[in-house]
Amino acid sequence: MDKAISLKNVTHTYQANTPFAQNALDNVTLNIEKGEFTAIIGHTGSGKSTLVQHINALLKPTTGSLNVLGKVITPTTTNKNLKAFRKQVGMVFQFPEKQLFEETVIKDIMFGPKNYGATDEQARHSAEHAMKLVGLDHSLSNKSPFDLSGGQMRRVAIAGVLAMDPEILILDEPTAGLDPRGHNEIMDLAKYLNQQQHMTIILITHQMDDVVNYATNVVVMDQGQAVKIGPPDTIFTDLDWLRKMQLDLPSSAEFARKLESAGIAFDQLPLTVNQLVDRVAQLVGKKAAHE
């Protein structure tokens, strides 16, 4: 697979060259392949948000360099010529509906493409396509986004990013504040964009169930460093290390641990509901066979 994102020895220092200088990223080197669904996890203040803001050059490295879709970003990179690059890297911030401002849904979604030079006709076409992608009915086009439900407003905000047809989509806590139905809809949308639209997805989340259910790759951040990188079943094997990183277990793994305390042993800790059900069924089947 081709690399979508490559960081080499990236350090970012806030308030550099002052007595208050603090490294938010500390010598980070990592690669993310095109088409991967990568979750970035870690306790508050570990460097997650600072990391992803480098990927679309909202922040520049203090030292080191990045290569994102062939665009090299260094400490001396200027904002000139970054506009076209940022179109390729869409970013959905936490509570993105707070950034809605147009009088209708369609106008809000059209804003991004028009800002990048699209005609009204082109922008409308892109916006209508994005509405379909996120599951917003065409009948909502002329409604005020502020008359919609929380989940619908979230999808309008995501559609505004998708209308620019990015190759990489960064989602920063995309389900924060949503009810379970809205949560599942947004995560299933991310899965669809990754698997059917072949979009590279980067997810910042504190929801470990989303990590094991959707991500193929996980980056654990701690004190500005990428301390562990790998698939979910590798990340969630060392329980003592997870506690040290202040990370929770997925709910299925947590439930399995309670079963273990009641005398039910697992060869390998199940991370998803399906894994838990399968292993409990195997244990029940073995027990029945011996009776």
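Residues numbered from 1 in each chain as written. Predicted model: local features only at pLDDT ≥ 70, side-chain atom pairs only at ≥ 80, totals over all residues. Heavy atoms only, no water.

**Points about the sheet that holds strand E10 (residues 225-230)**
Ordered by their spatial adjacency, six strands build an open sheet running E6-E7-E8-E3-E9-E10, and the pairing between neighbours is mixed. For this open sheet the edge positions go to strand E6 (89-92) and E10, each flanked by a neighbour on one side alone. Recorded for the sheet is a direction-independent mean angle of 20° between the axes of neighbouring strands. Bridging between E6 and strand E7 (residues 168-172) involves four bridges; their strand directions are parallel. What sits directly across from Val89, in E7, is Ile168. (Pairing = 2+ DSSP bridges. Helix = DSSP H or I, 4+ residues; strand = E, 2+ residues; numbered from the N terminus. Axes fitted to C-alpha atoms, helices over the stretch in contact; angles between N-to-C directions.)

**Section: the domain arrangement of the protein**
Many descriptions give the size of an interface as the accessible area lost when the pieces come together. Each assigned domain of the protein is listed with its residue range as follows: domain 1 (3-238) and domain 2 (249-291). Placing a centre on the C-alpha atoms of domain 1 and another on those of domain 2 gives a separation of 35 Å. Across the contact, seven residues belong to domain 1 and six residues belong to domain 2. Buried area between domain 1 and domain 2, summed over both chains or domains, comes out near 540 Å², and the portion from carbon and sulfur atoms is 65%. Looking at the side of domain 1 facing domain 2, the largest losses of area belong to Asp209, Val212 and Phe236, adding up to 66% of the total buried there. Within the residue set of the side of domain 1 that touches domain 2, elements represented by two or more residues are helix H7 (208-214) and helix H8 (232-235). (Domains from an automatic or database assignment. Contact = heavy atoms within 4.5 Å. Buried area = accessible area lost by both parts, 1.4 Å probe.)

**A few points about the side chain of Thr13**
Inspection of the secondary structure assignment puts Thr13 in strand E1 (residues 3-14). For Thr13, the side chain forms a polar contact with the side chain of Asn23, separated by 2.6 Å. (Polar contact = N/O pair within 3.5 Å; in protein donor to acceptor, adjacent residues only side chain to side chain.)

**Focus on the packing of aromatic side chains**
Tallying each qualifying case throughout the model produces two aromatic pairs. Pairing Phe101 with Phe111 gives two aromatic rings, centres 5.1 Å apart and planes at 85°, and the pair type is edge-to-face. Taken together, the residues Phe101 in the loop between E6 and helix H3 (105-115) and Phe111 in helix H3 connect sequence positions 10 residues apart. Its guanidinium or amino end placed over the ring of Phe95, Lys98 lies 4.8 Å from that ring's centre, counting from NZ or CZ. Just above the ring of Trp241 sits the side chain of Lys228; from NZ or CZ to the centre is 4.6 Å. (Phe/Tyr/Trp six-rings, centres within 6.5 Å; stacked < 30°, edge-to-face > 60°. Lys NZ or Arg CZ within 6 Å of the ring centre and 35° of its normal.)

**Overview of the pattern of salt bridges**
Tallied over the entire structure, the rule returns seven salt bridges. A salt bridge links Glu185 to Arg181; the nearest nitrogen and oxygen atoms lie 3.3 Å apart. One end of the pair is Glu185 and the other is Arg181, both in helix H6 (residues 180-195) and four residues apart, which spans about a single turn. Here Arg243 makes a salt bridge to Asp240, at a shortest N to O gap of 2.8 Å. Taken as a pair, Arg243 and Asp240 lie in helix H9 (residues 239-244) at a separation of three residues, close to a single helical turn. Owing to a relative accessible area of 57%, Asp240 belongs among the exposed residues under this scheme. (Salt bridge = Lys/Arg side-chain N within 4 Å of Asp/Glu carboxyl O. Buried < 20%, exposed > 50% of the residue type's maximum accessible area, 1.4 Å probe, protein only.)

**Some thoughts on the sheet that holds strand E5 (residues 71-73)**
Taken together, four strands build an open sheet; the order of strands is E2-E1-E4-E5 and the sheet is antiparallel. Across the chains shown, the open sheet's two edge strands, defined by having one partner strand only, are strand E2 (22-33) and E5. Along the sheet, successive strands turn relative to each other by an average axial angle of 15°, direction set aside. As paired strands, strand E4 (residues 63-68) and E5 are joined by three bridges and run antiparallel to one another. The residue of E5 that forms the bridge with Val68 is Lys71.

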